[in-house]
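What the coordinates show
Chain residues, written in single-letter form:
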Amino acid sequence: MNVEIPHLYPQLVRQTSRQSGSSISALRSRIYCSIATSSRISLNSVSDVRRTQLRWRTGGKNSRVMAREVSGHPESEEIVLEGWLEHVRHLGNVAFAVLRDSSGRIQVTWDQESAENQCRVHEFKKLRKTTDESVVRIRGHKRQRPAEAKGSDHNGDIEIWMSSLEVLNMCKPMLPIPVRPQNITNTTELARLKYRYLDLRRQELQQTIRYRSNLTHAMRKHLIAKNFVDIETPTLFKSTPEGAREFLVPTRHPGRFYALPQSPQQYKQLLMAAGFERYFQIARCYRDELGRADRQPEFTQLDMEMSFVNEADVMQTAEHLLAHALNECPPPGHNSLSSEIASPFRRMTFHDAMHTYGSDKPDLRYGLEIIDFSAVCQKVDGNSGWKLAAKVLNAKGLGAKLSRKKIDELRATVDRKIADGVFFVKVGEKGEWKPPKPLSAVHQDMALRSEVNGLVNVEAGDLLLFSTATTSAQAAKKLGHFRVQCANIMQEAGILDIDSRFSLLWVNDFPMFEDIEADGLESSEYLQSTHHPFTAPHLDHQETLENAIDGLLSLSPHHPEAEGYRKIARRCTSRAYDLVINGVEIGGGSIRIHDPVLQEKVLKAIGADVSAFGHLLDALGYGCPPHGGIAIGIDRLIATLCEKENIREVIAFPKSAYGTDPMSGAPGHGVKEALTEYHIAMLEKYESSSA
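Residues numbered from 1 in each chain as written. Predicted model: local features only at pLDDT ≥ 70, side-chain atom pairs only at ≥ 80, totals over all residues. Heavy atoms only, no water.

A separate point is the overall build of the protein chain. For the protein chain, the count of helices and strands is 24 helices and 22 strands. The buried share among the 691 residues of the protein chain stands at 46%. By sequence separation, contacts in the protein chain at least 24 residues apart represent 68% of the contacts at least 6 residues apart. Of the accessible surface of the protein chain, which amounts to about 34,900 Å², a share of 50% is contributed by carbon and sulfur atoms. (Helix = DSSP H or I, 4+ residues; strand = E, 2+ residues; numbered from the N terminus. Buried < 20%, exposed > 50% of the residue type's maximum accessible area, 1.4 Å probe, protein only. Contact = heavy atoms within 4.5 Å. Areas by Shrake-Rupley, 256 points an atom, 1.4 Å probe, with all protein chains shown as cover.)

Structural data, given as C-alpha cells:
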C-alpha cells in the first residue's frame with residue numbers, strides 16, 4: 001500500500017527496531033530524511049523498509065544501484081546504474097555493453113526491435129555515439145541471461161535490459177593507454193605513470209589498492225584493541241645521519257633547513273620516554289635513494305614501539321598482528337592463511353643465513369643450500385697451503401637444461417665484482433665435470449671431486465657453482481646472488497617446485513657494525529652501523545663493545561692499534577631482527593639503547609655529530625625505560641602478498657625509477673621570487689635549464 005511517511009512513523013520505528021536490532025535514534029534519522037523530502041514509498045514488509053533506506057537518504061525512488069547489488073533486486077523494479085561504459089558491441093539492432101563501477105561489472109543490453117524500444121530510436125543512436133570509458137547513467141530492468149551466454153563472474157547470469165541512457169561525461173575517443181587488462185602488455189611504464197588515473201581504472205590495480213586499504217584497516221583495528229596509541233609524528237624534522245640521504249626543506253631562516261624523516265625513529269623513542277609505552281602509526285617516510293632498484297623516494301611503513309620489552313616480545317606482537325590481519329584479509333587468490341601465518345615464525349641467526357644461503361633475507365621455499373668445502377681444499381692441497389674459503393652450490397638438473405651460452409648469460413645478470421671468483425661446472429652423463437676453462441690444481445684433484453660429489457650429491461645433469469674468497473661469508477655471499485637466479489630458472493624449466501605458500505622467517509643476531517671484510521670494502525676510520533646507531537648490543541657483548549669503543553676513542557683514528565679495536569667492535573652482535581617473507585625483507589627492528597652514556601659512545605664511534613642528537617640523549621637521561629620496536633614496510637608487504645614484482649604496482653601514485661612524477665611533471669622548477677624568499681641561489685650552470 002502507499003502511505004505517507006509521517007503517518008507511518010510511530011509504527012515503523014517500533015516494528016523495524018524489534019526486527020532489525022537498529023537503534024531508535026538511527027531509525028529516526030533515516031525517517032526524518034524521508035519526511036524532509038516528502039517521499040512516498042511502497043511498504044509491504046520490513047525488508048522493503050531496509051532495502052529503501054538508501055533511497056530515503058537520497059530522496060528519490062530511482063537512486064543509484066551498484067553493479068554488485070543488482071542481483072538482489074526484483075526484475076519488476078526499474079534500477080539506475082552509474083559508471084563507466086567499458087565497451088560496446090553492435091550486432092545489427094542489438095547492442096551489448098559492459099558497465100563498470102567500483103563494485104564490479106554488469107552487461108547491459110539494448111534491443112531496438114523490442115516493442116518498448118521502437119519509439120526510442122534516439123537512445124539507440126546515442127549509444128552508438130558513446131565512446132568507451134564515458135561516464136553514463138543507465139536505467140533498466142534486471143533479467144536472466146540465456147544459458148549459453150552466462151559468464152563466470154559475479155553478475156555472469158544476469159544483465160540489464162536498458163530503457164534509457166544518459167551520458168554524464170563523454171570520454172575522448174582515443175585513450176592514451178588501454179584500461180582493459182588484455183591490452184596493457186605493450187604499454188610502457190612511463191605512459192602508465194603519466195596517465196596513472198587511467199591506469200588505476202584497471203581491475204587488477206583497483207583490487208590491489210582496495211586490498212591495501214582493507215589490510216591496513218585490519219592492522220590498525222588490531223593494534224588499538226591491544227592498547228596501542230596511534231600518534232602522528234612531525235614530517236618536518238632536523239637533519240641527522242641515519243644511513244640514507246635525506247630530503248631537505250628550505251626555510252625563511254638563511255642557511256637553515258628542515259629534513260623530511262627517513263622514519264619516525266627518534267620520535268617514537270621520545271614517546272617511550274614520555275610514558276606512552278605502546279605507540280604505532282602508519283607513517284610516511286622519505287629517503288633520497290635515486291637509482292636503487294624497486295625503491296620509492298616516499299614510502300609507507302607501519303611503525304611500532306613498546307616499553308619494557310625484549311626481542312621475543314616484539315616478535316610475538318608482530319606475529320600476532322600479521323596473523324590476525326592476514327586471516328581477516330587474506331590476499332587476492334587466498335581463502336585462508338591460518339596454516340601459513342602461524343606463530344611462532346621460524347628464526348635463524350644472521351651468521352647461519354649468510355653461510356647457508358648467502359643472504360640475510362633467504363627464501364626458504366626451496367633448498368639450494370650452500371656448502372662449505374674449505375676443509376676439503378686444505379686437505380687436498382697439501383703442500384701449497386690453501387688459504388681461501390671455498391663454497392659450492394648444486395643446482396640439481398640445471399646443467400642439462402643450460403647451454404654454455406646460457407650460463408654466460410646467467411653470469412651477466414650479476415655484478416661483475418660479484419661474479420669474479422665464481423665458476424660453473426656442468427656434470428656430464430657419466431658424472432664427469434665439464435668446466436668452461438681449466439680449473440686450479442686443487443679443483444682438478446680427483447680426491448676433491450670425490451669429496452664434493454659426496455657433499456652435495458652430484459648426479460648427471462647437475463650444475464655446480466663454486467666460489468672462493470678470502471672469507472667464508474664473502475664466498476657464500478657471491479653464491480647467494482646466483483642462488484635466487486638459479487631457482488627462478490629451475491622453476492621455469494620444471495625441475496624445481498617452489499612452495500606456493502608464504503614462508504615467514506625472523507633473522508636475528510645481526511652484527512652491530514658492518515663487516516668490511518665480508519663485504520669487500522676498504523677499512524674506514526669510523527664504524528658503520530648495520531641497522532642504525534640506536535640499536536642496542538647483545539647483552540653478552542655489551543661490555544666487550546664498550547671496552548672496544550673506549551679504546552678506539554682514546555686513540556686517533558689513524559693510530560696503528562685503532563683498527564684492532566674496530567675489528568673487536570665488528571664482532572659484537574646486536575639485538576636487531578628482520579622479518580622476511582619469501583626472500584623479501586618486509587620489516588626490521590631492534591631493542592634500542594636506553595642508556596645515554598652508551599648511546600653517546602656509539603654515536604662517537606660512527607663519527608656522528610653528537611650535538612645533533614642532544615635532544616635524544618637528554619630524553620634518555622631523564623628516566624627513559626628499556627624499549628624496542630619494529631617497522632613493517634607496507635608497500636613491500638602488499639607487493640609480496642599480491643605477488644607483484646615492483647612496489648609501484650601497489651602504490652596509487654608512485655614515482656618513476658628516477659624519482660620523478662611523469663603525470664604532474666614534479667619535481668618542478670622553483671619560482672624566482674620563492675627562491676629569493678628562501679635564500680636559495682642557483683648554480684650558474686643550472687640557471688639556463690631552469691628558465
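Before going further, it helps to examine the sheet that holds strand β17 (residues 433–434). The strand order across the open sheet formed by five strands is β14-β15-β18-β16-β17, and the pairing between neighbours is antiparallel. Looking at which strands have only one partner, the edges of the open sheet turn out to be β14 (371–372) and β17. In this structure, strand β16 (residues 422–427) lies alongside β17, joined through two bridges in antiparallel fashion. Each bridged residue has a counterpart across the sheet, and for Lys426 the counterpart in β17 is Lys434. Relative to strand β18 (residues 463–469), helix α17 (residues 472–492) is tilted by about 155°, and along the sheet it contacts β14, β15 (389–395), β16 and β18. (Pairing = 2+ DSSP bridges. Axes fitted to C-alpha atoms, helices over the stretch in contact; angles between N-to-C directions.)

Attention shifts here to the confidence of the model for the protein chain. When pLDDT is averaged across the protein chain, the result is 86; 86% of the residues are at 70 or more. In the predicted structure, residues 1–14 sits below a pLDDT of 50 and forms 30 contacts with residues beyond four places in sequence or in another chain. Here residues 16–26 is modelled with pLDDT under 50, and outside its nearest four sequence neighbours on either side it reaches 14 contacts, counting other chains as well. (pLDDT = per-residue confidence, 0-100.)

The side chains of a regular strand alternate, first on one face of the sheet and then on the other. Counting buried positions along β15 gives seven out of seven residues, so the element sits mostly inside the fold. Across the two faces of β15 the burial is the same, with Ala389, Lys391, Leu393 and Ala395 and Ala390, Val392 and Asn394 all buried. Bridge count for β14 against β15 is two bridges, and the pairing is antiparallel. The partner of Asp372 across the bridge, within β15, is Lys391. Bridge count between β15 and β18: seven bridges; the pairing is antiparallel. The residue bridging Lys391 from the neighbouring strand is Ser467, located in β18.

Think of a sheet as strands paired side by side through backbone hydrogen bonds, with each pair either parallel or antiparallel. Pairing is mixed in the open sheet, where eight strands are placed in the order β8-β11-β12-β22-β21-β20-β19-β13. On the outer flanks of this sheet lie β8 (229–230) and β13 (346–349), each paired with one strand and no other. Relative to strand β19 (residues 504–508), β13 is paired through four bridges, and the arrangement is parallel. Counterpart to Thr349 in the pairing with β19 is Asn508. Set on the sheet, helix α11 (residues 350–357) makes contact with β13 and β19; between it and β13 the angle comes to about 85°.

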